[in-house]
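Here is how the chains run, residue by residue.
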Amino acid sequence: MPETFQIHEEQQGAVRIFRLIGFLDAHTAPQFEKALQAKVAGGDCRIVVDGSALTYISSAGLGVFMSFIEEVREVDGDIRIGGLISKVRQVFDILGFSEIFRIFPTAEEAVNSFAKPDAGNVAMAEGE
Amino acid sequence: MPETFQIHEEQQGAVRIFRLIGFLDAHTAPQFEKALQAKVAGGDCRIVVDGSALTYISSAGLGVFMSFIEEVREVDGDIRIGGLISKVRQVFDILGFSEIFRIFPTAEEAVNSFAKPDAGNVAMAEGE
Amino acid sequence: MEMRESIEQSFTLHVPSSSENLALIRSFVSEIAARVTLNEEEAALLAVAVDEACANVIEHAYGHDASKQVTVRATIDEEQIRIDVIDQGKGFDPDAVKPKDPRLLIKERASGGLGMGLIQRIMDEVKYHVVPGEKNELKMIKKRRKPA
Amino acid sequence: MEMRESIEQSFTLHVPSSSENLALIRSFVSEIAARVTLNEEEAALLAVAVDEACANVIEHAYGHDASKQVTVRATIDEEQIRIDVIDQGKGFDPDAVKPKDPRLLIKERASGGLGMGLIQRIMDEVKYHVVPGEKNELKMIKKRRKPA
Ligand SMILES: Nc1ncnc2c1ncn2[C@@H]1O[C@H](COP(=O)(O)OP(=O)(O)O)[C@@H](O)[C@H]1O
Ligand SMILES: Nc1ncnc2c1ncn2[C@@H]1O[C@H](COP(=O)(O)OP(=O)(O)O)[C@@H](O)[C@H]1O
């Protein structure tokens, strides 16, 4: 069975980058949940999700973002998202997630945003 | 309805090149048949099929090659094939078409083969 | 009515009730969506809606019992694409499920509760016919755009 | 036997009998082939065999009548993938069809006559059950490779 979903992790300074590849649906969401859980439990709360290779997301995938965001923001961390393709981005938009999560055009910009003064818990939409 | 099959035609000296794109199956074979028919009827009998963008072939597609080859070889023409991807090539192989048609690694080589002394009706397999 | 029936085309897929098969279900829907005049983004959303409906059947109606089957039927005509998701599972009262604001779900640290709302937002019509254990059917309609 | 049944998975697709739907049928087969341990080339050939079988139903059994339905059922277990192509069309006597040498077909300038031979070469087992007008079934089996 070929892998329909993969996660590549990378550390860049204080930021943990999760590069998601393929389909994030009810079948693969538990994989993402486990990977995030491991880092957040270990205190890594500045998280960037690089969505440039994410070709699909359903509510099960959005649910993973939803269930961790409070926890990381409580300790001045955040989950920021970059590089979403428009087919995936529209699902965030429809559910109003674009106002709750900070979404950047690229993962790089999402990473850099943590270095700025407003690095902490800011629930504000970025322009595209 | 998006196009699942396209033909791009190009003339290079005395050689007519048919670049096939997408799926050549029972649904699309009539399109290829019509395009070949038009040229062969007009006397264009040195034909190269560029298969590098052909992602699928079934017996209906092979049938088009089969039904024209005698006619063009009778007038010292030929239908030569280049650039087949291995998924497609194996269908030619299984049916023994690789011994009947001259198949080249690239369309360019197929085109150039017409300039050589053995340019005419040679039913011999080329190495890959 | 007769005219409409004559140009109606119907496609049906039955698969084991496992989340592993959601990708297959989405491919099926995407291929059919490509037939109608939905643009690429709309076609992608249609696949999301059907995925959500089937994920709910797999999880809630059948409780992840892969010996059960999920049926997806797509019917297209000149006006619309209709997708029916059918199960013989435990059923539920859809009117009792109130859509929740994502901001509230976040406060609750919920990981679910978004699916039915998403279906509603994507599709033009959504109807449930529930006969628990016999046949539960979710009928979803998306209007076609007029060809340009 | 009981063990084998418990791990058998079955997938069914019904589509209108039109060559336009061959691509959809191939996608269905390819997605399922990806589940078993066929390599990419073998998976592609499996799609070819099913395409040939369905193209024959569409052309010969139903005479391009798109109001009729073609059924493709895939059943996978640890040993094999079985594909059944089912129609209610006119049927035929498969034993009366002798495979022809492509060299001969070329001399005849034929454009057809390759399909059944191709199916035979690709699949490990091929069986027809023909009851004209009622149910014609082509059962094709491909053995799985043992996982590496
Ligand atoms: N097909 C179904 N069968 C049984 N219960 C369902 C079905 N679809 C939805 N439900 C119920 O409705 C609730 C809300 O569904 P949904 O909005 O999709 O969110 P989630 O599935 O993530 O909980 C589910 O938790 C479940 O209780
Ligand atoms: N499903 C079918 N129903 C009726 N006749 C069939 C069917 N499949 C094959 N045949 C008959 O067998 C012949 C050979 O089939 P095939 O080898 O696939 O070549 P082709 O379809 O190109 O003629 C067909 O021409 C047809 O007469």
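Residues numbered from 1 in each chain as written. Chains lettered and ligands numbered in written order. Predicted model: local features only at pLDDT ≥ 70, side-chain atom pairs only at ≥ 80, totals over all residues. Heavy atoms only, no water.

Student: Any chance you could break down the overall build of chain C for me, citing the residues and the numbers?
Tutor: Summing up its helical and strand segments, chain C has five helices and five strands in all. Along chain C, from the amino end to the carboxyl end, the secondary structure elements read α-β-α-α-β-β-α-α-β-β. On C-alpha atoms alone, chain C measures out to a radius of gyration of 16 Å, which is about the 15 Å that the 2.2 N^0.38 rule sets for 148 residues. Each principal axis of the C-alpha distribution contributes one length, and for chain C these read about 50 × 35 × 25 Å. Across the 148 residues of chain C, 51% fall into the buried class. In chain C, once contacts between residues fewer than 6 apart in sequence are set aside, the share between residues at least 24 apart is 67%. (Helix = DSSP H or I, 4+ residues; strand = E, 2+ residues; numbered from the N terminus. Rg over C-alpha atoms; globule rule 2.2 N^0.38 Å. Buried < 20%, exposed > 50% of the residue type's maximum accessible area, 1.4 Å probe, protein only. Contact = heavy atoms within 4.5 Å.)

Student: A description of the site of ligand 2 should follow, citing residues and the corresponding values.
Tutor: Residues and elements named next belong to chain D. Near ligand 2, the surroundings consist of Asn56, Val57, His60, Ala61, Gly91, Phe92, Val97, Gly112, Gly113, Leu114, Gly115 and Met116. Here an oxygen atom of ligand 2 and a backbone polar atom of Gly113 are 2.8 Å apart. At 3.3 Å, a backbone N or O of Gly115 approaches an oxygen atom of ligand 2. In isolation ligand 2 exposes 530 Å². Once the protein is present, 77% of that is buried. If you list the elements that add at least two residues to the shell around ligand 2, you get helix H3 (40-61) and helix H5 (115-122). Among the elements that line the shell around ligand 2, the one with the most residues is H3, at four residues. (Near = heavy atom within 4 Å. Polar contact = N/O pair within 3.5 Å; in protein donor to acceptor, adjacent residues only side chain to side chain. Areas by Shrake-Rupley, 256 points an atom, 1.4 Å probe, with all protein chains shown as cover.)

Student: Lay out the site of ligand 1 with the relevant residues and their values.
Tutor: Residues and elements named next belong to chain C. Residues in close proximity to ligand 1 include Asn56, Val57, His60, Ala61, Gly91, Phe92, Val97, Gly112, Gly113, Leu114, Gly115 and Met116, which together make up its full environment. The contact in question runs from an oxygen atom of ligand 1 to an N or O atom on the backbone of Gly113, over 2.8 Å. Listing elements by their share of the shell around ligand 1, those giving two or more residues are helix H3 (40-61) and helix H5 (115-122). The element best represented in the shell around ligand 1 is H3, accounting for four residues. Looking at the shell around ligand 1 residue by residue, the classes come out as six nonpolar, six polar and no charged. (Nonpolar A, V, L, I, M, F, W, Y, C, P; charged D, E, K, R; others polar.)

Student: Any details on the environment of Arg35 of chain C? Residues and values, ideally.
Tutor: Residue placement: Arg35 of chain C occurs in the loop between helix H2 (22-33) and H3. In this structure the side chain of Arg35 of chain C is engaged in a polar contact, spanning 3.1 Å, whose partner is the backbone oxygen of Glu20 of chain D. Side-chain polar atoms of Arg35 of chain C contact the side chain of Asn21 of chain D, separated by 2.7 Å.

Student: If you had to explain the sheet that holds strand S5 (residues 102-104) of chain B to someone new, which residues and values would you point to?
Tutor: Residue and element names in this part refer to chain B. In space, the five strands of this open sheet follow the order S1-S2-S3-S4-S5, with mixed pairing throughout. Two strands close off the open sheet at either side, each with one partner strand: strand S1 (5-12) and S5. Sheet twist, expressed as the average angle between the axes of neighbouring strands with direction ignored, equals 25°. One ladder, built from three bridges, connects strand S4 (residues 78-82) with S5; its direction is parallel. Along S5, the bridge assignment pairs Ile81 with Ile103. Docked against the sheet, helix H1 (residues 29-41) engages S1, strand S2 (15-24) and strand S3 (46-57), running at close to 175° with respect to S2. (Pairing = 2+ DSSP bridges. Axes fitted to C-alpha atoms, helices over the stretch in contact; angles between N-to-C directions.)

Student: If you had to explain unusual backbone geometry to someone new, which residues and values would you point to?
Tutor: Of note in this structure, Asp76 of chain A is not a glycine but carries a positive phi near 65°. Position of Asp76 of chain A relative to the elements: it lies in the loop between helix H2 (59-74) and strand S4 (78-82). In the Ramachandran plot, His64 of chain D falls in the positive-phi region, its phi being about 60° despite a non-glycine side chain.

Student: Go over the pattern of salt bridges with me, naming the residues and quoting the values.
Tutor: Once the charged atoms of two side chains with opposite charge are near each other, the side chains can pair. Residues and elements named next belong to chain D. All told, the structure shown has 37 salt bridges over all chains when counted by the stated rule. With a closest N to O distance of 3.0 Å, Arg73 and Asp84 form a salt bridge. Of this pair, Arg73 sits in strand S2 (residues 69-76) while Asp84 sits in strand S3 (residues 80-87), placing them eleven residues apart in sequence. The shortest N-O distance in the salt bridge between Glu137 and Arg73 comes to 3.2 Å. Of this pair, Glu137 sits in strand S5 (residues 135-143) while Arg73 sits in strand S2, placing them 64 residues apart in sequence. (Salt bridge = Lys/Arg side-chain N within 4 Å of Asp/Glu carboxyl O.)

Student: Any chance you could break down the environment of Ala33 of chain C for me, citing the residues and the numbers?
Tutor: Residues and elements named next belong to chain C. As for its placement among the helices and strands, Ala33 is situated in helix H2. The exposure class assigned to Ala33 is buried, which follows from its relative accessible area of 0%. Ala33 sits 111 residues away from Arg144 along the chain, and the two C-alpha atoms are 9.7 Å apart. Excluding residues that lie within four positions of it along the chain, Ala33 makes contacts with Leu38, Ala43 and Leu46.

Student: I'd love a proper account of the side chain of Ser98 of chain B, names of residues and values included.
Tutor: Note that Ser98 of chain B resides in helix H4 (residues 97-100). A distance of 2.3 Å separates the side chain of Ser98 of chain B from the side chain of Asp93 of chain B, its partner in a polar contact.

Student: Describe the interface of chain B and chain D, naming the residues involved and giving the relevant values.
Tutor: Counting residues at the interface gives 27 residues for chain B, matched by 28 residues for chain D. Roughly 2500 Å² is buried in total at the junction of chain B and chain D, and carbon and sulfur atoms are behind 63% of that figure. For the interface between chain B and chain D, the tally reads three salt bridges. Salt-bridge contacts for Asp25 of chain B lead to Arg26 of chain D; the nearest nitrogen and oxygen are separated by 2.7 Å. Counting residues per element, the side of chain B that touches chain D draws most heavily on helix H2 (residues 59-74) of chain B, at nine residues. (Buried area = accessible area lost by both parts, 1.4 Å probe.)

Student: Let's hear about the interface of chain A and chain C: which residues, and what values?
Tutor: On the side of chain C, 28 residues touch chain A, which itself brings 27 residues to the contact. When the two sides are added together, the surface that chain A and chain C hide from each other amounts to roughly 2500 Å², 64% of it contributed by carbon and sulfur. On inspection of chain A and its partner chain C, the count reaches three salt bridges. Our enumeration of links across chain A and chain C arrives at nine residue pairs in polar contact (both at pLDDT 80 or more). Only strand S3 (46-57), H2, helix H3 (86-94) and helix H4 (97-100) of chain A provide two or more residues apiece to the side of chain A that touches chain C. The element best represented in the side of chain A that touches chain C is H2 of chain A, accounting for nine residues. For the side of chain A that touches chain C, the residue count by class is 14 nonpolar, seven polar and six charged.

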